[in-house]
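In case you want the letters, here they are:
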Amino acid sequence: MTDVLIVGGGVMGLAIGWRLARAGVETTVLERDVADCDRPSGAWWAAAGMLAPLSEAGFDDPHALAFGRASLDLYPRFAAELEEDAGRSVGLRTEGTVIAAADRDEAAWLRRQWVYHQELGLPTQWMGGDEAREREPHLGPRVPAALFAPTDHQVDSRLLGAALRRAFVARGGVLREGWEASRIDVDGGRAAGVWARPSGAEDGAEERIGARRVLVCAGSWTRLLLADGATATAAPPVRPVKGQLLALEMSPLLTLAHVVRTRRVYLVPREDGRLVVGATSEEAGFDVRMTAGGVLDLLRDSWEVLPGIYDLPLLQTWAGLRPVSRDGLPVLGATPVDGLYLATGHGRNGILLTPATALAMADLLATGRAPDAILPFALSRFG
Ligand SMILES: Cc1cc2nc3c(=O)[nH]c(=O)nc-3n(C[C@H](O)[C@H](O)[C@H](O)COP(=O)(O)OP(=O)(O)OC[C@H]3O[C@@H](n4cnc5c(N)ncnc54)[C@H](O)[C@@H]3O)c2cc1C
């Protein structure tokens, strides 16, 4: 019997597990894949890793902006502690982000964003086309204007996932990889563990793993796990939203100094010389196949603002599933089933929101009280 059993060893499950293990709470994480940089897995493996609360600030989500900014503030310490426990880098880079307008229409949209940022006191800076090209010389001659978001950064999400895996185990957490949870064991109205089997095995191979509390961090698959039987009231309205990405190989002649994004596409330069280009946003269920149209859109939209990418070698393409809730905000905290908790629905900002989510959820599981920061994200808001 473990104290806390976490289903899903993506960034959420492992980060919360790591914080719990550091606090001396006996924690087991169940993951059907292997959290390894080189193997395709959950959304964390696919993600571009932008830490971008300013660039992502919408007009109607003050809670998301506040939570995102709080999480960004936590990142330097979170990354340093994680790197120490894991003995490896997470690739945190802090050069800021250039948000470029591809044409006049986008410049007008960007101006509205900037005015809104000014009202909120956010530190984004307006740049004309020439000033933008001084900051990021590879921007094309037709870019009419841009914003600079000096505090929007990036982390290598694959390195982050692999570091969390190591750090969790180094702190005494039990990681059961290659195990898939098939349902939650509910006894007398209370979560008492999960039924699980080795990934790919038949139904008969199920084993019960007992626990005092169960936390589900199964990303886009969370609803599938909970929708039937005794846990139906705990199933959050979270669905997969597909994103396709690709990686180009930067050359000495074209190496970006910042993350560059437009309204439709982003380009994220990595330490290892890759330029990650993403991402589409598609309602395609659990289908993660690449499409010709997806690749075409990504390349055309990038080429419009960075014409120099035309000659860069294309290294890799991949797709992943963002866990997106009905209102686009995370779903964090307790459920109507005693002892059963959720941390999911982080949508397109889960890498950014990992430190704040881990801190708050570990606090909730250790003390039984939900910190104020996550009250707006309770499952009960869906009625
Ligand atoms: C294309 C794309 C680009 C993105 N870019 C960014 C970005 O730039 N910045 C940012 O902040 N965020 C980004 N995100 C979002 C971010 O990746 C997600 O919000 C985050 O990874 C969610 O973390 P998670 O742990 O909840 O889910 P996941 O990362 O999906 O992990 C869930 C894990 O649960 C496991 N699992 C599922 N069901 C079971 C089961 N029954 N038993 C055992 N294990 C199970 C899965 O194998 C998986 O490993 C992006 C996502 C995508 C897809």
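The structure this text deals with has already been given above.
The notes below deal with the structure included here. Keep in mind that this is a model prediction, so the values were computed, not measured. All chains use their own residue numbering, which begins from 1 and follows the written sequence. Local features in this predicted model are restricted to residues whose pLDDT is 70 or higher, and side-chain atom pairs enter the listing and the counts only when it is 80 or higher, whereas totals over whole chains, interfaces and linings include all residues. Calculation of side-chain values draws on the structure's entire complement of heavy atoms; hydrogens and water are dropped beforehand.

**Some words on the packing of aromatic side chains**
Thinking step 1. Under the pairing criterion, centres of Phe, Tyr and Trp rings, with the six-membered ring standing for Trp, must be within 6.5 Å; the plane angle then separates stacked pairs below 30 degrees from edge-to-face pairs above 60, leaving the rest tilted. Inspection of the entire model under this criterion finds six aromatic pairs.
Thinking step 2. A centroid spacing of 5.6 Å and a plane angle of 80° characterise the contact between Trp-18 and Phe-78, whose relative ring orientation is edge-to-face. Of this pair, Trp-18 sits in helix 1 (residues 11–22) while Phe-78 is found in helix 3 (residues 62–86), placing the two residues 60 residues apart along the sequence. Residues Trp-18 and Phe-78 agree in their burial class; the two are buried.
Thinking step 3. A simple rule labels every residue: compare its accessible area, found with a 1.4 Å probe on the protein chains alone, to the largest value its type can have, and call it buried under 20%, exposed over 50%, or partly exposed in between. Since its relative accessible area comes to 4%, Phe-78 is described here as buried.
Thinking step 4. Each residue in the set Trp-18, Tyr-75 and Phe-78 is aromatic and connected to the rest through ring pairs, giving one cluster.
Thinking step 5. Comment: the charge-over-ring label is applied if NZ (Lys) or CZ (Arg) is within 6 Å of the ring centre and within 35 degrees of the ring normal. Across the ring face of Trp-318, the terminal group of Arg-158 is positioned such that the distance to the ring centre comes to 4.6 Å. Runs of E in the DSSP output that reach at least two residues are strands. Runs of H or I that reach at least four are helices, and both are numbered from the N terminus.

**A look at helix 3**
Thinking step 1. Its 25 residues place the ends of helix 3 34 Å apart at the C-alpha level, agreeing with the 36 Å of an ideal helix rising 1.5 Å per residue.
Thinking step 2. Along its length, helix 3 reaches its greatest deviation from straightness, about 45°, at Tyr-75, and the proline Pro-76 lies no more than four positions downstream.
Thinking step 3. Two residues qualify as a contact provided that any one of their heavy atoms is within 4.5 Å of a heavy atom in the partner residue. Those residues of helix 3 that are buried lie in contact with helix 1, strand 3 (50–51), helix 4 (104–120), helix 6 (157–170), strand 17 (331–334) and helix 9 (354–367).
Thinking step 4. Once helix 3 ends, the next one or two residues include Gly-87, with phi positive near 70°. Each helix should span, by expectation, one fewer than its residue count multiplied by 1.5 Å. The bend reported for a residue corresponds to the angle between axes fitted to the seven residues ending at that residue and the seven starting there.

**Description of helix 9**
Thinking step 1. Taking 1.5 Å as the rise per residue, helix 9 with 14 residues should run 20 Å; its terminal C-alpha atoms sit 20 Å apart, in good agreement.
Thinking step 2. Of all the 14 residues making up helix 9, ten are buried; the element is thus mostly covered by neighbouring parts of the structure.
Thinking step 3. Among the residues of helix 9, Thr-354, Pro-355, Ala-356, Thr-357, Ala-358, Ala-360, Met-361, Ala-362, Leu-364 and Leu-365 are the ones counted as buried.
Thinking step 4. Where the residues of helix 9 are buried, they touch strand 1 (2–7), helix 1, helix 3, strand 11 (207–216), strand 17 and strand 18 (340–344).
Thinking step 5. Directly after helix 9, the chain includes Gly-368, whose backbone phi takes a positive value near 85°.

**Overview of the site of the ligand**
Thinking step 1. Proximity is defined per residue: any heavy atom of the residue falling within 4 Å of a molecule or strand makes that residue near it. In the vicinity of the ligand, 38 residues are found, and the nearest of them are Glu-31, Ala-43, Met-50, Gly-347 and Leu-352.
Thinking step 2. In this structure, an oxygen atom belonging to the ligand sits 3.1 Å away from a main-chain N or O atom of Gly-49.
Thinking step 3. The Shrake-Rupley method, run with a 1.4 Å probe, gives the accessible areas here. Residue values count only the displayed protein chains as cover. When the ligand is considered free in solution it has 1,000 Å² of accessible area, and contact with the protein chains removes 98% of it.
Thinking step 4. The set of elements that each furnish at least two residues to the shell around the ligand consists of helix 1, strand 2 (27–31), helix 2 (43–46), strand 9 (179–187), strand 12 (238–249) and strand 16 (314–325).
Thinking step 5. Sort the elements by how many residues they give to the shell around the ligand and strand 16 lands first, with four residues.
Thinking step 6. Following the grouping adopted for this structure description, the nonpolar residues are Ala, Val, Leu, Ile, Met, Phe, Trp, Tyr, Cys and Pro, the charged ones are Asp, Glu, Lys and Arg, and the polar ones are all others, Gly among them. Of the residues belonging to the shell around the ligand, the class tally is 20 nonpolar, twelve polar and six charged.
Thinking step 7. What fixes the domain bounds is an automatic or database domain assignment. Counting the residues that make up the shell around the ligand, at least three belong to each of domain 1 (2–87 + 157–237 + 326–382) and domain 2 (97–150 + 239–325). Distance and chemistry together define a polar contact, namely a pair of N or O atoms within 3.5 Å, with one atom able to donate a hydrogen and the other to accept it when in protein, and with adjacent residues in sequence counting only for side-chain atoms on both sides.

**Quick notes on the sheet that holds strand 4 (residues 97–100)**
Adjacent strands of a sheet pair through backbone hydrogen bonds, lying either parallel or antiparallel.
Thinking step 1. Here the rule is simple: two strands pair whenever DSSP picks up at least two bridges between them. One open sheet accounts for eight strands, arranged 5-6-4-13-14-15-12-16; its pairing is mixed. Each edge of the sheet is formed by a strand with only one pairing partner; in this case those strands are strand 5 (125–128) and strand 16. Direction aside, neighbouring strands of the sheet carry axes that sit 25° apart on average.
Thinking step 2. Relative to strand 14 (residues 266–269), strand 13 (residues 259–261) is paired through two bridges, and the arrangement is antiparallel. When the sheet's bridge partners are listed, Arg-261 is paired in strand 14 with Tyr-266.
Thinking step 3. Every angle, taken between N-to-C directions, lies between 0 and 180 degrees, and every axis is a line fitted to C-alpha atoms, over only the stretch in contact when it is a helix. Most of the contacts of helix 4 go to strand 6 (residues 145–149), to which it runs at about 35°, and overall it touches strand 4, strand 5 and strand 6.

**Some details on the pattern of salt bridges**
Thinking step 1. Counted as salt bridges are all cases of a side-chain nitrogen of Lys or Arg within 4 Å of a carboxyl oxygen of Asp or Glu. The tally for this structure, following the rule as stated, stands at 27 salt bridges.
Thinking step 2. Between Arg-208 and Asp-185 there is a salt bridge, with its nearest N and O atoms 2.6 Å apart. Remark: Asp-185 occurs in strand 9 and Arg-208 occurs in strand 11; sequence separation between them is 23 residues.
Thinking step 3. Overall, the relative accessible area of 15% leaves Asp-185 in the buried class.
Thinking step 4. One salt bridge connects Asp-272 with Arg-274, and the closest N-O pair in it is separated by 3.0 Å.
Thinking step 5. One continuous salt-bridge network, built from bridges that share partners, spans Arg-19, Arg-22, Arg-77, Glu-81, Asp-85 and Arg-171.

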